[in-house]
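A closer look at the structure
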Amino acid sequence: MSEPATLEIISDHISEDEVIFPPGDILSDEPPLESDLHREQIDLLIRILKLWWRERQDFYASGNLTIYYSPNQKKSEYFRGPDFFVVLGTQKKDRKSWVVWQEDGKYPNLIVEILSSSTTAVDKGLKKQVYQDTFRTPDYFWFDPVTMELQGFHLVDGKYQEIQVTTDGRLWSQQLELYLGVYEGKLRFFTTENKLILSSEELAELERLRAEQAEERAERAEQEIARLREALRIQGIDLENI
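Reading guide: rules and limits
- Residues numbered from 1 in each chain as written.
- Predicted model: local features only at pLDDT ≥ 70, side-chain atom pairs only at ≥ 80, totals over all residues.
- Heavy atoms only, no water.
- Pairing = 2+ DSSP bridges.
- Helix = DSSP H or I, 4+ residues; strand = E, 2+ residues; numbered from the N terminus.
- Axes fitted to C-alpha atoms, helices over the stretch in contact; angles between N-to-C directions.
- Contact = heavy atoms within 4.5 Å.
- Buried < 20%, exposed > 50% of the residue type's maximum accessible area, 1.4 Å probe, protein only.
- Lys, Arg positive; Asp, Glu negative; His and termini not counted.
- Salt bridge = Lys/Arg side-chain N within 4 Å of Asp/Glu carboxyl O.

Overall, mixed pairing links the six strands, which are arranged β3-β6-β8-β9-β10-β11 in an open sheet. Looking at which strands have only one partner, the edges of the open sheet turn out to be β3 (59–62) and β11 (159–162). Averaged over neighbouring strand pairs, the angle between their axes works out to 15° when direction is ignored. Sheet topology note: the strand β9 (residues 139–143)/strand β10 (residues 150–156) ladder contains five bridges and is antiparallel. Note that in β10 the partner of W142 across the bridge is Q151. Here helix α1 (residues 36–52) sits on the sheet in contact with β3, β6 (84–88), β8 (110–114) and β9, set at roughly 160° to β3. Strands β8, β9, β10 and β11 of the sheet are contacted by helix α3 (residues 126–135), whose axis makes an angle of about 125° with β11.

Take a look at the structure:
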C-alpha cells in the first residue's frame, strides 16, 4: 500500500542506499491498515491459505508487507506493499519483507488488493500497471469490502485479461488452483468443487456440531432401547433371561 520512500541521511555523506543490509534483514515499511475491516480480511486470507496448504513447504503468503524490487538493489528506490500476495516455488518461512534480489528474483504469483476510498484509483491504475509490466504477476484481483466489488485478471502474453465470473459469482485463480468469491461479506477461497475452504474457527465449530449431533443420536438410541425394553417387559419378556 506504500509509495516509494524518500532518501534519509543517516550519517555525514552516507545515504541509506549505501548501507549494506544483511540478507533478509530489510524491514517492511508499510503504514497501518486503514480499518479493522481491511486488517481482518487480509488476516483471514493468510490464515485460511496457510491452513489449506499446511502440508506444503514451497510457498510464501503474506499481506501488507513491503516488496522491494529496485533494479539497483536499493532499499529506498522501488517498492510496493500489496494487501495480500502469494509467492510459489519458494521456502515457507517468516520474513521481515520480500526482497526480490534476495529471493532469486521471484515476484508474487498472485496479488489481491483490498480497495478503499483512498486507494481505489491507485489499485486499479498505477498498481495494476506495475503488477502487469514489472512484477509480471500472473493473477491480480481486487476486492471492495464495502461494495463487494470483486474483479480479477490473468496475465496473457504480457497483458492482463479480465477473468470471467462463474455462474456462482466466483473467479478462478490459475496460480492457486482455487476460486475466489464472496461469502458472508468476506473474500474467501473455494475448491475446484466450489466448496468453501473453512477457517480454523469454522472447522472447530463444525467439529463441535458434529460431536453434539453424535451425542444426540446416542441419547435417542438409548431412549429407544429403553422404550423397547419396557414394551417387552410389559409383555412379560425379560431380555436379561433370553
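The subject of this paragraph is the side chain of K128. Locating K128 in the fold gives a position in helix α3. E162 provides the closest opposite charge to the buried, unpaired K128, separated from it by 8.3 Å. Apart from the residues within four sequence positions on either side, K128 is in contact with V122, D123, Y140, W142, F153 and Y160.

Applying the stated criterion to the full structure yields eleven salt bridges. Of the charged contacts, one joins E113 and K127 as a salt bridge, the two residues approaching to 3.3 Å between their closest N and O atoms. Highlighted residues: E113 in strand β8 and K127 in helix α3, separated in sequence by 14 residues. The burial state of E113 is the same as that of K127; both residues are buried. Between E205 and R208 there is a salt bridge whose closest N-O contact spans 2.5 Å. A residue pair is termed a helical-turn pair when its members lie 3 or 4 positions apart in one helix, as E205 and R208 do in helix α4 (residues 200–234) at three residues.

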